[in-house]
Amino acid sequence: MSTIEEALKKAEKRRQQELADHKLEPTENFRNNDLSNQEISEDSYALNVETTQSEIHSVGEHAHDIKAELEVERFDWNYLKEHGFITADNVSTKLAEEYRVIKRPLVVNAIGARKKDIQRSNLILITSSVPGEGKTFTSVNLALSIAAEMDKKVLLIDGDVSKPGISKVLGIKRSPGLIEFLEGEIESLSDIILQTEIEGLRVIPAGKRHQYSTELLASDKMASLAQELSDRYPDRIVIFDTPPLLATSQAEVLASMVGQVVLVIAAESTPEALVMESVQKLENCAEVVMTLLNKVQRSSLDSGYYGYGNYGYGK
Ligand SMILES: Nc1ncnc2c1ncn2[C@@H]1O[C@H](COP(=O)(O)OP(=O)(O)O)[C@@H](O)[C@H]1O
Ligand SMILES: [Mg+2]
């Protein structure tokens, strides 16, 4: 059985158990009436069962609603807005428009017309040469922008396990996450996937700090997780925020597990030699490699703040 099938099975088992727990809890009527010495006629028995079942049913459903409600991650939209992220208030701004342009080729490759030509096309990895170039900024904005479309589903994974940024930006306090899953401490994938207040957006946090966290990214388990996410959810776009390419060799291995890579380049700050080194590293990794010029000064680029840069995209 695949990991995802197991995860779904476990989630269903948990749900059933939860309903059963409520069934076993005596209702107030039963608590107050000691029935042990009473003769229960066929009729009264039937009546009791019926009443109890309908009570149970509503208690169970209600509990489930509350649980689902509690488990939804809510974002601090003011924080996001202040830090330049796409929010409902700024959908018609230049930023949002730029992200519409940026996501289009990625989405077409992932789940659209070009999907059949690219292996694991729905897995998109966001990386950069060095820290601070805007990987997390790009990952979150892309995820928000894609998930804002009615029929699109996005899973955002914080794979920058030694310097996780997604949880910080989105205000997610909960772990465990990817590390616990890769390490085997958590078996069920469904236990690390968080539903957010945006219907189409789910998040896997990085998880706990671990001495060999980046090594785990290059593990066989990570490779099979990537393959499964692609096979089982071909219409869900998976965005991985990852460590910088030149900081650890695992980032490169991770890049070979996905269909598309976006190399974020901080314009006017990352030396070209480093960018070229990264481009070379990515050459034999994913089928599609795009570069994204970030942090461009508006004065130096009339067309906008972002754009796919000189290195073009596609191989
Ligand atoms: N295009 C941008 N406009 C405004 N702020 C940005 C932009 N890109 C990145 N930043 C900011 O720069 C800092 C570093 O970006 P971040 O995404 O955390 O980098 P990385 O994840 O690559 O280390 C963050 O404070 C982020 O909000
Ligand atoms: Mg980051």
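Residues numbered from 1 in each chain as written. Chains lettered and ligands numbered in written order. Predicted model: local features only at pLDDT ≥ 70, side-chain atom pairs only at ≥ 80, totals over all residues.

**Q** What should I look at first to understand the packing of helix 5 (residues 94–111) against helix 6 (residues 135–147) in this one?
**A** The description of two packed helices rests on the angle between their axes and on the distance between the axes. Contact pair helix 5 / helix 6: the axes reach a minimum separation of 9 Å and the direction vectors enclose 80°. In terms of axis orientation, helix 5 runs roughly perpendicular to helix 6. Here helix 5 contributes Ala96, Tyr99, Arg100, Ile102, Lys103 and Val107 to the contact with helix 6, which in turn contributes Asn141, Leu142, Ser145 and Ile146. Residue composition of the contact of helix 5 with helix 6, grouped by class: 6 nonpolar, 2 polar and 2 charged. (Axes fitted to C-alpha atoms, helices over the stretch in contact; angles between N-to-C directions. Helix = DSSP H or I, 4+ residues; strand = E, 2+ residues; numbered from the N terminus. Parallel < 35°, antiparallel > 145°, perpendicular 65-115°, else oblique. Contact = placed C-beta atoms within 7 Å. Nonpolar A, V, L, I, M, F, W, Y, C, P; charged D, E, K, R; others polar.)

**Q** I would appreciate a short explanation of helix 12 (residues 272–282) in the present structure.
**A** Residues spaced three or four apart along an α-helix face the same direction, because each turn holds 3.6 residues. Of all the residues in helix 12, the buried ones are Val275, Ser278 and Leu282. End-on, the buried residues of helix 12 take up no more than an arc of 60°, which puts them together on one face. Structural note: helix 12 exposes Ala273, Met276 and Gln280 on the side pointing more than 90 degrees away from its buried face. Structurally, helix 12 contributes buried residues whose contacts are with helix 11 (249–255), strand 6 (260–266) and strand 7 (288–294). (Buried ≥ 20, exposed ≤ 12 C-beta atoms within 10 Å, placed from the backbone. Arc of directions from axis to C-beta.)

**Q** Explain the site of ligand 1 here, please?
**A** Around ligand 1 lies a shell of 14 residues, among which Gly84, Gly134, Lys135, Thr136 and Phe137 are the nearest. Examining the composition of the shell around ligand 1, we find that 3 residues originate from one element, helix 6, more than from any other. Each residue belonging to the shell around ligand 1 can be placed in one class, and the counts come to 3 nonpolar, 8 polar and 3 charged. (Near = placed C-beta within 6 Å.)

**Q** Could you clarify how one ought to interpret unusual backbone geometry in this entry?
**A** Excluding glycine, residues mostly have negative phi values, and the peptide bonds linking residues are mostly trans. Following Ser175, the chain continues to Pro176 via a peptide bond in cis, the omega torsion being 5°. Its place among the elements puts Pro176 in the loop between helix 7 (166–170) and helix 8 (178–183). Phi at Arg120 is positive, roughly 50°, even though this residue is not glycine. Looking at where Arg120 falls in the secondary structure, it is placed in the loop between helix 5 and strand 1 (123–128). One non-glycine residue with positive phi stands out, namely Lys295, at about 60°. If you trace the backbone, Lys295 turns up in the loop between strand 7 and strand 8 (307–313). Look at Lys295 and you get partly exposed, because 17 C-beta atoms sit within 10 Å.

**Q** Can you help me understand the pairing of strand 5 (residues 236–241) in this one?
**A** Working note: regular strand, side chains alternate between the two faces of the sheet. Burial within strand 5 is extensive, with 5 of its 6 residues counted as buried. In the sheet, strand 1 pairs with strand 5 via 4 bridges, with the strands oriented parallel. Across the sheet, residue Ile126 finds its bridge partner in strand 5, namely Asp241. Here strand 2 (residues 153–158) pairs with strand 5 via 6 bridges, running parallel. Bridging across to strand 5, Leu155 finds its partner in Val238. (Pairing = 2+ DSSP bridges.)

**Q** Just checking my understanding: could you explain the environment of Leu156 for this structure?
**A** Counting through the fold element by element, Leu156 comes out in strand 2. Looking at Leu156, the number of C-beta atoms within 10 Å reads 27, which means it is buried. For the pair formed by Leu156 and Asp241, sequence separation is 85 residues and the distance between their alpha carbons is 7.7 Å. Ignoring anything within four residues of it in the chain, the contact list for Leu156 reads Ser139, Ala143, Ile166, Leu201, Val203 and Ile239.

**Q** Where do I start with the nonpolar core in this structure?
**A** Counting 67 residues, the largest nonpolar core has Ile124, Leu125, Ala143, Ile239 and Val258 as the members making the most contacts within it. Here the element with the most residues in this core is helix 6; it accounts for 7 residues. The contacts of Val258, once residues within four sequence positions are left out, are Arg120, Leu123, Ile124, Leu125, Ala226, Phe240 and Ala286. (Core = buried A, V, L, I, M, F, W, Y, C linked by C-beta atoms within 7 Å.)

**Q** What is the right way to look at helix 5 in this model?
**A** For helix 5, with 18 residues, the first-to-last C-alpha span of 25 Å sits near the 26 Å given by 1.5 Å per residue. Bending of helix 5 peaks at approximately 35° at the position of Lys103, with proline Pro105 no more than four residues after it. Those residues of helix 5 that are buried are in contact with strand 1, helix 6, strand 5, strand 6 and strand 7. (Expected span 1.5 Å × (residues − 1). Bend = angle between axes of the 7 residues up to and from the residue.)

**Q** Please explain the environment of Asp76 as it appears in this structure.
**A** Residue position: Asp76 is located in the loop between helix 3 (42–71) and helix 4 (77–82). Sequence spacing of Asp76 and Ile172 is 96 residues, and the spatial spacing of their C-alpha atoms is 9.6 Å.

**Q** Looking at this structure, I do not really get the confidence of the model for the protein chain. What am I missing?
**A** Of the residues in the protein chain, 72% have a pLDDT of 70 or more, and the chain-wide mean is 80. Taken together, the stretch residues 21–62 has pLDDT below 50 and engages in 11 contacts with residues farther than four places along the chain or on a different chain. Confidence drops under pLDDT 50 across residues 309–315; counting only partners more than four residues distant or on other chains, this segment forms 14 contacts. (pLDDT = per-residue confidence, 0-100.)

**Q** Sorry, what's going on with the pairing of strand 7 here?
**A** Extensive coverage of strand 7 is indicated by the burial of 7 of its 7 residues. Pairing analysis gives 7 bridges linking strand 6 to strand 7, with the strands arranged parallel. By the bridge assignment, Gln260 is partnered in strand 7 with Val288. You can see the chain leave strand 6, run along helix 12 and come back into strand 7, and the turn it takes is right-handed. (Right-handed = clockwise from strand over helix to strand, strands pointing away.)

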